[in-house]
Amino acid sequence: MDNLSKEAFLLSENPSEDNEFVKEKNSLIEVGFSYFDIGLKPQIKMFSETKTVFFGINQKLECISYQNRNKLFSNSLSFPLYEILADSCSEFVVCICELEILVYKKSGIFLWKMGFGDIVDDYSLSDEKTIIVKTADGNITEFYLSSGKVK
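Below: a short report on this structure. (Residues numbered from 1 in each chain as written. Predicted model: local features only at pLDDT ≥ 70, side-chain atom pairs only at ≥ 80, totals over all residues. Heavy atoms only, no water.)

A separate point is the overall build of the protein. Looking only at helices and strands, the protein features zero helices and 14 strands. In the protein, the order of α-helices and β-strands from amino to carboxyl end is β-β-β-β-β-β-β-β-β-β-β-β-β-β. The C-alpha radius of gyration computed for the protein amounts to 16 Å, which stays within 12% of the reference 15 Å derived for 151 residues, consistent with globular compactness. Expressed as a percentage of the 151 residues in the protein, the buried residues total 41%. Look at the contacts in the protein between residues 6 or more apart in sequence, and 29% of them connect residues 24 or more apart. (Helix = DSSP H or I, 4+ residues; strand = E, 2+ residues; numbered from the N terminus. Rg over C-alpha atoms; globule rule 2.2 N^0.38 Å. Buried < 20%, exposed > 50% of the residue type's maximum accessible area, 1.4 Å probe, protein only. Contact = heavy atoms within 4.5 Å.)

Bringing unusual backbone geometry into the picture now. Unusually for a residue other than glycine, Asn58 sits at a positive phi of about 55°. Among the residues examined, Asn58 registers a relative accessible area of 3% and is labelled buried. Positive phi, normally seen in glycine, also occurs at Lys129, with a value near 60°. Judged by its relative accessible area of 26%, Lys129 is partly exposed.

Looking now at the pattern of salt bridges. For the coordinates displayed, the defined rule picks out nine salt bridges. We note a salt bridge from Glu49 to Lys106, for which the minimum N-O separation is 3.5 Å. Here Lys106 lies in the loop between β10 (100-105) and β11 (110-115) and Glu49 lies in the loop between β4 (43-47) and β5 (52-57), a separation of 57 residues in the sequence. Overall, the relative accessible area of 18% leaves Lys106 in the buried class. The network of salt bridges with common partners includes Asp87, Glu91, Lys105 and Lys129. (Salt bridge = Lys/Arg side-chain N within 4 Å of Asp/Glu carboxyl O.)

What follows is about the pairing of β5. Judged by how many residues are buried, β5 sits mostly within the fold: six of six residues are covered. Relative to β5, β4 runs antiparallel, the two sharing five bridges. Each bridged residue has a counterpart across the sheet, and for Ile44 the counterpart in β5 is Phe55. Taken together, the six bridges between β5 and strand β6 (residues 60-65) define a ladder with antiparallel strand orientation. Following the sheet pairing, Phe55 is matched in β6 by Glu62. Count of turn residues in the β5/β6 antiparallel hairpin: two residues, of which Asn58 carries a positive phi of about 55°. (Pairing = 2+ DSSP bridges.)

Strand order in this open sheet of three strands is β1-β3-β2, and the pairing throughout is mixed. The open sheet has two edge strands with one neighbour each: β1 (9-12) and β2 (20-25). Averaged over all adjacent pairs, the angle separating strand axes in this sheet is 15°, with direction ignored. Note that β1 and strand β3 (residues 30-35) share four bridges and pair parallel. Bridge pairing in β3 links Leu10 to Gly32. (Axes fitted to C-alpha atoms, helices over the stretch in contact; angles between N-to-C directions.)

Given below as structure tokens:
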């Protein structure tokens, strides 16, 4: 962590020397991840139109404006974060967690979340601005990204 620039953002659970550390850097932003390794990879998704970056690991999710260099939100998630996805038009950001999904606008505005009674086993975004979620018990549900309503 000592080699992060003073302009960098750090996403950390409980900083510890035993934690894994990963640094992601491009011409716009530098982000460090300090986390306890439970087998999930750090997630990062950038949106040039809104100058926002979503990043997360385990049960931490943050969104920043890299233009203004400020944090838009920092959330402690109820369940481990599997993946951060964006629809084909990059209008919506979908955070897939172990037992729920959360949907945001790419600007960082929270839209909705849905919890499940079993582990999220599979998921895919469709061109119709929906997400199809399959849970470990075999249930398959399709939601509209804009509202969370079932299709």
